[in-house]
Amino acid sequence: MLTDERGVPRYWATVWEALHGGDLSESTLAAKLRAIDRLYHSVREQTGADCLDRLIAEGDFDQLESCLEGFFVHVRNASANSRTDRSVDWRAALDFVRDIFERRSRSDSVARSFDLMQARLLRLQRLYASLNVSRQPKLKAMRALPAAVIEDLYSIANPTSVRNPFRSEGQRWRNYALFLLYLHQGLRRGEALILPLDAIKEDFDPSIGGYRKWIDVTWNQYEGDDPRYNAPGIKTALSHRQIPIADGVTDIVQHYVDNYRGRQNHTFLIASNRHRPLALPTVNLMFDGLSGALSPAARTELRNRLHTDKVTPHDCRHTCAVVRLAEFVASGMEMELALQNLRVFFGWTKASEMPRHYARAYFEDRLISVWQKKFDDRVDVLRAIRCRSDPAGTPMTSNRAKAGKVQKHAAARRAIAALPSLPSHIRYLDEYEDEWKTIHHPAECNKWVIEYDTNTSILDFSKFNDSDICLLAKHVCAWLLNRSAPAHVVLNFYGLLSIANDSGESWFLEGIDRAPYDWNFYWDVRL
């Protein structure tokens, strides 16, 4: 909240913050408030009085126009003296005045006053909207990474590559997953760090006859307070979004979670080596490491094209935007509609001009060919999980690198086979008739007759196609019959059958290996 020299809140700045600040991230809001505060000080220096609130309240457009012109000159001179671009200050101040008067014009009950205010707002827009603080227009360089740099980054980020600059195997897989989230999904630096463990979700889509996967980009609902000193966040209200994610990226992220993340005291997806949520500066260090390992040829092209020696997470986001736009256009979509889809995918506001910055960049054919060759589902992005050799030369597979679904299923099946044998008969109490009933030879019998409350139900275990899952379901029902009412057992049986039909019988095998702590996330994501 902005205050004057006496510590009194500035009225219209407080109103603007309450009405327009809620959709902005803390850093963006703070930057805009600093610019608005500079406008207040500029008006005081020009008029000799702290009177901006009064000018706005009285609708003194003539004086406001004079003060805005003075503020523009002040910002432009400060920008030239410091050799920095302060156009953000000018834009924030102009938007502040316009936003306040637009809201006042909608709430004014006098039609004449309304028309006059709208006319003066239009005049403000025409006079000042096109003013540029910088004396020379900045050339907007195409920020997409050159194709050669992308190819080199893939080689470096590969967890099994000798060029990978990170020490431990866990670091390599975590950084690889994070790199793909930035490059494939176009996430902002902080967005990837606030994702919860169950951020990636899937659901059956009848139109394609298969499962669609997506990622929820939003706050971590499981964490009340973020322990990080510089906590990452969501930039604007429209940055909360759901975006599709390729199976290959999902597999890499899941491989990191299953084999390297370990048990944590928090629910954030990406964790540090000290079992804490990964910090923003660590991401910068990670990209410094990737940039330092670039080949001389790739570094030269990066310097020639982007005038920098380092790759950043935002460069990956720009690259993703260029490629996504190219994919939309190649599918036959009109450019305007493609730009709107781009706006939704990357969480840009309606007023943002960012989508149009990429309208020319997607013509870079070689970049697109690299993306098509190496991104999404067109290659096996798990190519890094491959057999290695032991010192004797015998092919050997790392228990971590091959801890995929096949091994998990084998371990789960061994666990099922190790269960004790079912008894020769199972007895349960029909409380309605107050009589004990018996199921004979439950191991061999696939149809158990359950009688309860004058009802008769048949638990048909032959509906489970997998013999191991069938045996597991029998053990569950036998265990429940010794502890619960028969009606409850019947409901649970049909619940198991429903899971098998909706999510596949492998759902049980994949779940067996999970620790109890992970089960709530597994349940939410897979059901």
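> Can you walk me through the pattern of salt bridges in this structure?
Where charged atoms from two side chains of opposite charge come close, those side chains can pair. Under the definition given, this model contains 19 salt bridges. Residue glutamate 58 is joined to arginine 54 by a salt bridge in which the shortest nitrogen-to-oxygen separation is 3.3 Å. Of this pair, glutamate 58 and arginine 54 both sit in helix H3 (residues 52-58), four residues apart, roughly one helical turn. Accessibility expressed as a relative area gives 53% for glutamate 58, which makes it exposed.

> Even after reading the chapter, I still don't get the state of the cysteines, so can you show me in this structure?
Two cysteines form a disulfide when their sulfur atoms are joined by a covalent bond. A complete count under the given rule lists zero disulfides for this structure. Here cysteine 477 stays unpaired: no disulfide links it, and the sulfur of cysteine 470, its closest cysteine neighbor, is 9.9 Å away. By relative accessible area, which is 0% here, cysteine 477 ends up buried.

> Honestly, the pairing of strand S8 (residues 447-452) in this entry has me stumped. Any pointers?
Remember that side chains alternate between the two faces of the sheet whenever the strand is regular. The alternating pattern of S8 places Trp448, Ile450 and Tyr452 on a buried face and Lys447, Val449 and Glu451 on a face that is not buried. Examined bridge by bridge, S8 and strand S9 (residues 455-460) share six bridges and lie antiparallel to one another. Looking at S9, one finds that lysine 447 is bridged to aspartate 460. Between S8 and S9, which pair antiparallel and follow one another directly, the connecting turn spans two residues, one of which, aspartate 453, has a positive phi of 50 degrees.

> Looking at this structure, how should I read a negative patch on the surface?
Taken together, the side chains of Glu431, Asp434, Glu435 and Asp453 define an acidic patch exposed on the protein surface. Locating aspartate 453 in the fold gives a position in the loop between S8 and S9.

> I tried to follow the pairing of strand S2 (residues 210-217) on my own but got confused; where do I start?
One ladder, built from six bridges, connects strand S1 (residues 200-205) with S2; its direction is antiparallel. Bridging from a neighbouring strand, lysine 201 pairs with tryptophan 214 of S2. What sits between S1 and S2 in their antiparallel hairpin is a turn of four residues, with glycine 209 showing a positive phi close to 65 degrees.

> Any chance you could explain helix H17 (residues 467-481) here in plain terms?
Because an α-helix completes one turn every 3.6 residues, residues spaced three or four positions apart along the sequence face the same direction. For H17, which comprises 15 residues, the first-to-last C-alpha distance of 21 Å matches the rise-based estimate of 21 Å (1.5 Å per residue) to within 8%. Where burial is concerned, most of H17 is hidden: 11 out of the 15 residues are buried. Along H17, the residues that are buried comprise Asp468, Ile469, Cys470, Leu472, Ala473, Lys474, His475, Cys477, Ala478, Leu480 and Leu481. Capping of H17 at its N-terminal end is provided by aspartate 466; its side-chain oxygen lies 2.8 Å from the backbone amide nitrogen of aspartate 468.

> Looking at this structure, how should I read the packing of helix H7 (residues 147-157) against helix H8 (residues 169-185)?
As a packed pair, H7 and H8 sit with axes 10 Å apart at the nearest point and diverge in direction by 155 degrees. In terms of their interaxial angle, H7 and H8 are classed as roughly antiparallel. As H7 packs across H8, the resulting crossing turns out to be left-handed. Residues Leu153, Tyr154 and Ala157 of H7 touch H8, and the partners they reach there are Tyr176, Phe179, Leu180, Leu183 and His184.

> Any chance you could explain the sheet that holds strand S3 (residues 241-244) here in plain terms?
Sheet strands line up and pair through hydrogen bonds in the backbone, either parallel or antiparallel. On the basis of which strands lie adjacent, the open sheet formed by three strands has the order S1-S2-S3 and antiparallel pairing. The open sheet has two edge strands, S1 and S3, and neither has a second partner. Within the sheet, the average angular offset between the axes of one strand and its neighbour, ignoring direction, is 35 degrees.

> It is not clear to me how the packing of helix H13 (residues 313-330) against helix H14 (residues 335-346) should be interpreted in this structure. Could you clarify?
How two helices sit against one another is set out by the angle between their axes and by the gap between those axes. Running from N to C, H13 and H14 point in directions that differ by 140 degrees, and their axes come no closer than 9 Å. Classified by the angle their axes make, H13 and H14 are oblique. Regarding H13 and H14, the two cross each other, and that crossing is right-handed. Of H14, the residues touching H13 (which contributes Arg317, Cys320, Ala321, Arg324, Leu325, Phe328 and Val329) are Met335, Ala338, Leu339, Asn341, Leu342, Phe345 and Phe346.

> Quick question: what am I supposed to make of the environment of alanine 49 here?
In this fold, alanine 49 is placed in the loop between helix H2 (26-47) and H3. For alanine 49, a relative accessible area of 35% puts it in the partly exposed group. With residues up to four places along the chain from it excluded, the contact list for alanine 49 reads Val43 and Arg44.

> Would you mind going over the nonpolar core with me for this structure?
Soluble globular proteins tend to bury their nonpolar side chains together. Counting 63 residues, the largest nonpolar core has Leu178, Phe179, Tyr182, Phe287 and Leu290 as its most contacted members. At nine residues, H8 tops the list of elements feeding residues into this core. Beyond its immediate chain neighbours, meaning those up to four positions away, leucine 290 contacts Leu153, Ile156, Ala157, Pro165, Phe166 and Phe179. Counting residues in each nonpolar core, the second largest holds 30 residues, with Ala473, Cys477, Leu496 and Leu497 among its members.

> Mind showing me how you'd approach the packing of aromatic side chains here?
Any pair of aromatic rings gets described here by the distance separating the centres and the angle formed by the planes. Across all of its chains, the model carries 14 aromatic pairs by this definition. Taking 6.1 Å as the distance between ring centres and 65 degrees as the angle between the ring planes, the aromatic pair formed by tryptophan 173 and tyrosine 176 counts as edge-to-face. Of the two residues, tryptophan 173 and tyrosine 176 both sit in helix H8, three residues apart, roughly one turn of that helix. A single burial state applies to tryptophan 173 and to tyrosine 176, both of which are buried. Measuring from centroid to centroid gives 5.2 Å for phenylalanine 493 and tyrosine 494, while their planes differ by 80 degrees, and the two rings are edge-to-face. For phenylalanine 493, a relative accessible area of 1% gives the class buried. On the accessibility criterion, tyrosine 494 (39% relative accessible area) is partly exposed.

> Explanation requested: unusual backbone geometry in the structure shown.
The phi angle of most residues is negative, glycine excepted, and most peptide bonds adopt the trans form. Despite not being glycine, histidine 275 shows a phi value in the positive range, around 60 degrees. Here histidine 275 is to be found in the loop between helix H10 (247-261) and helix H11 (280-292).

> What exactly am I supposed to notice about H2 here?
End to end, H2 covers 32 Å across 22 residues, agreeing with the expected 32 Å (1.5 Å per residue, within 8%). Buried residues of H2: Leu29, Leu33, Ala35, Ile36, Leu39, Tyr40, Ser42 and Val43, and no others. Directly beyond the C-terminal end of H2, a positive phi value near 80 degrees is found at glycine 48.

Conventions and cut-offs
- Residues numbered from 1 in each chain as written.
- Predicted model: local features only at pLDDT ≥ 70, side-chain atom pairs only at ≥ 80, totals over all residues.
- Heavy atoms only, no water.
- Salt bridge = Lys/Arg side-chain N within 4 Å of Asp/Glu carboxyl O.
- Helix = DSSP H or I, 4+ residues; strand = E, 2+ residues; numbered from the N terminus.
- Buried < 20%, exposed > 50% of the residue type's maximum accessible area, 1.4 Å probe, protein only.
- Disulfide = S-S within 2.5 Å.
- Pairing = 2+ DSSP bridges.
- Patch = residues over 30% accessible without salt bridge, like charges linked within 9 Å, V, L, I, M, F, W, Y side chains within 5 Å.
- Areas by Shrake-Rupley, 256 points an atom, 1.4 Å probe, with all protein chains shown as cover.
- Lys, Arg positive; Asp, Glu negative; His and termini not counted.
- Charge placed at Lys NZ, Arg CZ, Asp CG, Glu CD.
- Expected span 1.5 Å × (residues − 1).
- Polar contact = N/O pair within 3.5 Å; in protein donor to acceptor, adjacent residues only side chain to side chain.
- Axes fitted to C-alpha atoms, helices over the stretch in contact; angles between N-to-C directions.
- Parallel < 35°, antiparallel > 145°, perpendicular 65-115°, else oblique.
- Left-handed = near helix turned anticlockwise from the far one by under 90°.
- Contact = heavy atoms within 4.5 Å.
- Core = buried A, V, L, I, M, F, W, Y, C linked by side-chain atoms within 4.5 Å.
- Phe/Tyr/Trp six-rings, centres within 6.5 Å; stacked < 30°, edge-to-face > 60°.

Coordinates in, geometry out; function isn't part of it.
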